[in-house]
Amino acid sequence: VELLPPGWEVLISSDKRKIRVYAVDFAGLEKITLQDFSVVTTALESEEKMKKLGRNSIGSVMTLEQNKVTQKSMKYTFPGDQIFLTAKGGVGLFRDKLYPELTAVLGLTFRDRYRRPNIRPSISYNYMFFAERSTEGFAMNTNSFLSGSFEFNSNKKESTPSWSGIGVGWLMRRNGDYFTGNTAKFFITQTLPNSRLQLVPEFYLTDDLKKFAFGVGMKFSF
């Protein structure tokens with residue numbers, strides 16, 4: 001920890017960089033504009049770890065005097081990837097059937113070097129609850145799919161990520177006559193801006209992958 005005398009600090013920020021410039025007074029800030037900052041670039045590039053930076057971010061402090069770097073410290077930070085387990089609830093439409101659904105999701109969120117959520121592979125188990133009228137009232141037919149998906153964050157400029165992706169699933173449990181034989185589905189995911197709602201168009205291949213059917217779901221992430 002270094003205690004600096006009262007002074008002025010200028011923050012220069014962009015999507016990829018945050019630079020803080022400190023000087024004791026305005027005269028010091030004016031002198032900074034006369035410095036040759038190429039020596040800072042040279043000092044960074046001379047670091048051995050810079051050659052294999054990967055997804056690490058860099059935090060560096062340098063003292064610049066008379067166009068020379070007199071002191072420097074470097075800190076390399078690996079982004080905090082996360083494993084997550086969550087649930088989703090919503091409604092879907094398969095052909096002309098409207099149904100409620102529940103989904104359990106297990107996945108990984110990988111961040112880029114600026115600690116922004118970047119990509120998100122996951123596996124999920126989805127329950128589709130079809131209610132049909134019977135002689136005794138209503139019967140519940142539950143069908144379920146095991147799926148895998150890959151999503152990317154298309155909204156890195158905002159604090160709330162917006163996930164878009166694709167996925168594929170396989171029918172694991174069948175009740176009723178909604179699906180016949182081996183059944184697969186392909187789907188597209190799109191999170192609505194600044195919300196937990198996700199729109200999911202779905203394309204089914206049923207009857208041993210010989211017949212096509214379309215569906216769509218609206219899901220909310222808890």
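So, how was this worked out
Residues numbered from 1 in each chain as written. Predicted model: local features only at pLDDT ≥ 70, side-chain atom pairs only at ≥ 80, totals over all residues. Heavy atoms only, no water. Helix = DSSP H or I, 4+ residues; strand = E, 2+ residues; numbered from the N terminus. Polar contact = N/O pair within 3.5 Å; in protein donor to acceptor, adjacent residues only side chain to side chain. Contact = heavy atoms within 4.5 Å. Pairing = 2+ DSSP bridges. Axes fitted to C-alpha atoms, helices over the stretch in contact; angles between N-to-C directions. Salt bridge = Lys/Arg side-chain N within 4 Å of Asp/Glu carboxyl O. Buried < 20%, exposed > 50% of the residue type's maximum accessible area, 1.4 Å probe, protein only. Patch = residues over 30% accessible without salt bridge, like charges linked within 9 Å, V, L, I, M, F, W, Y side chains within 5 Å. Areas by Shrake-Rupley, 256 points an atom, 1.4 Å probe, with all protein chains shown as cover. Phe/Tyr/Trp six-rings, centres within 6.5 Å; stacked < 30°, edge-to-face > 60°. 1 Å grid on protein atoms, 1.4 Å probe; cavity = no way out; pocket = protein on both sides within 12 Å on 5 of 7 lines; lining within 4 Å. Points joined across faces, edges and corners; volume = space filled by probe spheres on them. Nonpolar A, V, L, I, M, F, W, Y, C, P; charged D, E, K, R; others polar.

Student: With reference to specific residues and values, describe the side chain of Ser144.
Tutor: Relative to the helices and strands, Ser144 is located in strand β8 (residues 137-153). Polar contacts involving the side chain of Ser144 include one to the side chain of Tyr125, which spans 2.8 Å. Leave out the neighbours within four places in its chain, and Ser144 touches Tyr125, Asn126, Tyr127, Trp170, Leu171, Met172 and Arg173.

Student: Give me the sheet that holds strand β6 (residues 97-111): which residues, what numbers.
Tutor: An order of β5-β6-β7-β8-β9-β10-β11-β12 is seen for the eight strands of this closed barrel, with the pairing classed as antiparallel. Averaged over all neighbouring strand pairs, the angle between strand axes comes to 25°, with direction disregarded. Both strand β5 (residues 82-94) and β6 contribute to a ladder of 13 bridges, which runs antiparallel. Within β6, the residue paired with Ala87 across the bridge is Ala104.

Student: Please give an account of the pattern of salt bridges that cites residues and values.
Tutor: Scanning all chains against the criterion turns up eight salt bridges. Residue Asp112 is joined to Arg116 by a salt bridge in which the shortest nitrogen-to-oxygen separation is 3.0 Å. On the basis of relative accessibility, which here comes to 10%, the residue Asp112 falls in the buried class. One salt bridge in this structure joins Glu151 and Arg120, with 3.0 Å as the shortest N-O distance. Residue Glu151 is located in strand β8, and its partner Arg120 is located in strand β7 (residues 117-134); the two are separated by 31 residues in the primary sequence. Classification of Arg120 by relative accessible area gives buried; the value is 15%.

Student: So what about the environment of Glu9? Which residues, and what values?
Tutor: Mapped onto the elements, Glu9 comes out in strand β1 (residues 8-13). In sequence terms Glu9 and Phe129 are 120 residues apart; their C-alpha atoms lie 59 Å from each other.

Student: Requested: an account of a nonpolar patch on the surface, with residues and values cited.
Tutor: A cluster of nonpolar side chains, Val91, Leu93, Leu98, Leu102, Tyr127, Leu197, Leu199, Met218, Phe220 and Phe222, forms an exposed patch at the surface whose accessible area comes to about 880 Å². Of all the secondary-structure elements, those providing two or more residues to the nonpolar patch are β5, β6, β11 (197-206) and β12 (211-221).

Student: Any chance you could break down the packing of aromatic side chains for me, citing the residues and the numbers?
Tutor: Counted under the stated rule, the structure contains 14 aromatic pairs. When the centroid spacing of 4.9 Å and the interplanar angle of 45° are considered together, the rings of Tyr99 and Phe130 count as tilted. Taken as a pair, Tyr99 in strand β6 and Phe130 in strand β7 lie far apart in primary sequence, 31 residues in all. With relative accessibility at 1%, the residue Phe130 sits in the buried group. Feature note: the residues Phe94, Tyr99, Phe130, Phe145, Tyr178, Phe179 and Tyr204 constitute an aromatic cluster, connected by ring pairs.

Student: Lay out the layout of surface pockets with the relevant residues and their values.
Tutor: Each pocket or cavity is described by its volume, and for the largest pocket that value is around 2200 Å³. Lining the largest pocket are 49 residues, with Lys18, Ile19, Arg20, Ser60 and Val61 sitting closest to its centre. For the lining of the largest pocket, the secondary-structure elements that each account for two or more residues are β1, β2 (18-23), α1 (26-32), α2 (38-45), β3 (57-65) and β4 (68-77). In terms of residue count, β3 provides more of the lining of the largest pocket than any other element does, nine residues in total. For the lining of the largest pocket, the per-class residue count stands at 20 nonpolar, 13 polar and 16 charged. By volume, the second largest pocket is sized at about 610 Å³. Element by element, the count of residues in the lining of the second largest pocket is highest for β7, at six residues. Classifying every residue of the lining of the second largest pocket by side-chain character gives 10 nonpolar, 15 polar and eight charged.

Student: Explain the pairing of strand β10 (residues 184-191) to me, and be specific about the residues and the numbers.
Tutor: Pairing of strand β9 (residues 163-173) with β10, which is carried by seven bridges, proceeds in the antiparallel orientation. Considered in β10, the bridge of Ser164 is made with Gln190. Judged from the six bridges that link them, β10 and β11 form a sheet pairing that is antiparallel. Among the inter-strand pairings, Phe186 is bridged to a residue of β11, identified as Phe203.

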